[in-house]
Each structure stands twice: as structure tokens, then as C-alpha cells.
Amino acid sequence: MASHKGKGYLGINNWFLTIIFAIIPVTSWLLGAITRIMRGHIIAGVLQLIIPPVILFFWITDIIGAFMKKDLWLFA
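Residues numbered from 1 in each chain as written. Predicted model: local features only at pLDDT ≥ 70, side-chain atom pairs only at ≥ 80, totals over all residues. Heavy atoms only, no water.

Engineer: Whenever I open this one, the pattern of salt bridges confuses me. Can you help?
Structural biologist: Any two side chains of opposite charge can pair, so long as their charged atoms come close to each other. With the rule as written, the count across this model stands at one salt bridge. With its nearest N and O atoms 2.7 Å apart, the salt bridge here joins Arg 36 to Asp 62. You can see Arg 36 sitting in helix 2 (residues 25-38) and its partner Asp 62 sitting in helix 4 (residues 52-68), a full 26 residues away along the chain. Owing to a relative accessible area of 0%, Asp 62 belongs among the buried residues under this scheme. (Salt bridge = Lys/Arg side-chain N within 4 Å of Asp/Glu carboxyl O. Helix = DSSP H or I, 4+ residues; strand = E, 2+ residues; numbered from the N terminus. Buried < 20%, exposed > 50% of the residue type's maximum accessible area, 1.4 Å probe, protein only.)

Right, dumping it as C-alpha cells:
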């Protein structure tokens, strides 16, 4: 599994910026997939990019995770 430098999207350690990215659906979709792939969760990243119900699931979990954990929840 790959390590990450910071929490949130793309390893950015700014909680407020992560919240903004999580709330906007397009950025959450794209940055969430890229972040999951960077952290070694390739299957989750690819699923997020191509399957619409999975996109909604990850969008909701990203918003909840950004508020509660200040990080993304990763499901492999």
C-alpha cells in the first residue's frame, strides 16, 4: 500500500480545502479517484471513475469523512 503525505485529496493537509473539494461533485469524483489510486487503492479509484452508483457512494463518504475524520475513507 502506498503512503500519503497528508490527509485529504492529493495529500493536501488543508481541512477547509478538503471540505470544499468534497462538497463539489465533480472535484470529489475526480480528485477522489486520483487520491485513491495514489494511495494504492486502484480498484476503488477505477470503480469511482466508471460506475455511477459507486460515484454517489464515494461522494457521500468523502463528505462525511472530510467532516468527521478530516480524511478520506478508503474502501478496497
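Engineer: How should I be thinking about a nonpolar patch on the surface in this particular structure?
Structural biologist: Together, Leu 10, Leu 30, Ile 34, Ile 37, Met 38, Ile 42, Ile 43, Val 46, Leu 47, Leu 49, Ile 50 and Ile 51 line one region of the surface with nonpolar side chains, adding up to about 990 Å² of accessible area. Elements with a minimum of two residues in the nonpolar patch: helix 2 and helix 3 (42-50). Top element by residues in the nonpolar patch is helix 3. It accounts for six residues. Tracing the backbone through its elements, the reader meets Ile 50 in helix 3. The exposed category is assigned to Ile 50, whose relative accessible area is 58%. (Patch = residues over 30% accessible without salt bridge, like charges linked within 9 Å, V, L, I, M, F, W, Y side chains within 5 Å. Areas by Shrake-Rupley, 256 points an atom, 1.4 Å probe, with all protein chains shown as cover.)

Engineer: For this particular structure, what's the right way to read helix 4?
Structural biologist: For an α-helix, 3.6 residues make a turn, and residues three or four places apart therefore share a direction. With 17 residues, helix 4 ought to run about 24 Å at 1.5 Å a step, and its terminal C-alpha atoms sit 24 Å apart, in line with that. Here helix 4 has its buried residues at Phe 58, Thr 61, Asp 62, Gly 65 and Ala 66. The buried residues of helix 4 all sit within an arc of 135° when viewed along its axis, so they share a single face. Turned more than 90 degrees off the buried face of helix 4, the exposed positions are Pro 52, Pro 53 and Met 68. At its buried positions, helix 4 is contacted by helix 1 (15-23), helix 2 and helix 3. Where helix 4 terminates, the next one or two residues include Lys 70, which has phi positive at roughly 60°. (Expected span 1.5 Å × (residues − 1). Arc of directions from axis to C-beta. Contact = heavy atoms within 4.5 Å.)

Engineer: Can you walk me through the confidence of the model for the chain in this structure?
Structural biologist: Do not read the fine detail of predicted coordinates wherever pLDDT is low. On average, residues of the chain score 82 in pLDDT, and 88% of them reach the 70 mark or higher. The weakest mean pLDDT in the chain belongs to helix 4 at 83; the strongest belongs to helix 2 at 90. (pLDDT = per-residue confidence, 0-100.)

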